[in-house]
Amino acid sequence: MAVRAVRGATQLDRDTREHMLDRVAELVTDVMEANSLDVDDFISIIFTATSDLVSEFPAYAARQLGFSDVPLVCARELEIEGSMPRVVRLMAHVETDLPRADITHVYLHGAANLRRDLSRTTSHD
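Residues numbered from 1 in each chain as written. Predicted model: local features only at pLDDT ≥ 70, side-chain atom pairs only at ≥ 80, totals over all residues. Heavy atoms only, no water.

- The protein chain has the name chorismate mutase in an unreviewed UniProt entry, where Nocardioides glacieisoli is given as its organism.
- What the UniProt record of the protein chain gives under Catalytic activity (unreviewed entry) is the line "chorismate = prephenate". (UniProt positions renumbered as here; feature names shortened; annotations may be inferred.)

Below you can see the structure in the form of structure tokens.
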């Protein structure tokens with residue numbers, strides 16, 4: 001079994017607690033489904049959020065999905081001029097038999113525009 005990193009991001013329409021929890025739960029669930037993962041496959045998840053998102057910790061959405069024993073951390077995304085607003089990103093470290101080339105990264109809603117260069121992505125607008 002190999003350790004792989006899975007990336008993903010979602011854009012929120014507004015900064016409210018419920019919307020944050022819904023969008024991050026959707027992101028984590030889609031990462032799991034796209035890569036045939038369950039909670040026990042996760043080693044850790046790093047979440048970042050842009051500075052305009054202050055309503056809730058993104059990691060709390062993962063806790064609500066059952067990630068009680070998985071180390072989670074939240075951090076602030078760099079503030080780069082012209083960058084996309086209201087974005088939560090994740091990088092998950094997982095144990096999987098998938099080769100690196102078969103990992104599917106997940107970009108949802110407006111964040112789908114962030115990584116059009118990846119050949120294996122799933123996205124929702």
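## A closer look at helix α1 (residues 17–34)
Part 1: Taking 1.5 Å of rise per residue, 18 residues should cover 26 Å, and α1 covers 26 Å from first to last C-alpha, within 8% of that figure.
Part 2: Ser36 sits one or two residues past α1 and shows a positive phi near 50°. (Helix = DSSP H or I, 4+ residues; strand = E, 2+ residues; numbered from the N terminus. Expected span 1.5 Å × (residues − 1).)

## Description of the UniProt feature "binding site: prephenate" (unreviewed entry) in the protein chain
Part 1: Per the UniProt record, "binding site: prephenate" (unreviewed entry) is found at Arg7, Arg89 and Tyr107. Taken together, the annotated residues stretch across 101 residues yet fold into one region, lying no more than 8.8 Å apart by C-alpha.
Part 2: Inspection of the secondary structure puts Arg7 in strand β1 (residues 2–11).
Part 3: A residue is classified by how much of its surface remains accessible, and Arg7, at 28% relative accessible area, is partly exposed.
Part 4: Filtering out sequence-adjacent residues up to four positions away, Arg7 remains in contact with Arg89, Leu90, Met91, His105, Val106 and Tyr107.
Part 5: A distance of 3.3 Å separates a polar atom in the side chain of Arg7 from the backbone oxygen of Leu90.
Part 6: Looking at the element boundaries, Tyr107 is found in strand β5 (residues 105–108).
Part 7: Classification of Tyr107 as buried rests on a relative accessible area of 3%. (Buried < 20%, exposed > 50% of the residue type's maximum accessible area, 1.4 Å probe, protein only. Contact = heavy atoms within 4.5 Å. Polar contact = N/O pair within 3.5 Å; in protein donor to acceptor, adjacent residues only side chain to side chain.)

## Considering the environment of Met1
Part 1: Tracing the backbone shows Met1 in the segment before β1.
Part 2: By relative accessible area, which is 69% here, Met1 ends up exposed.

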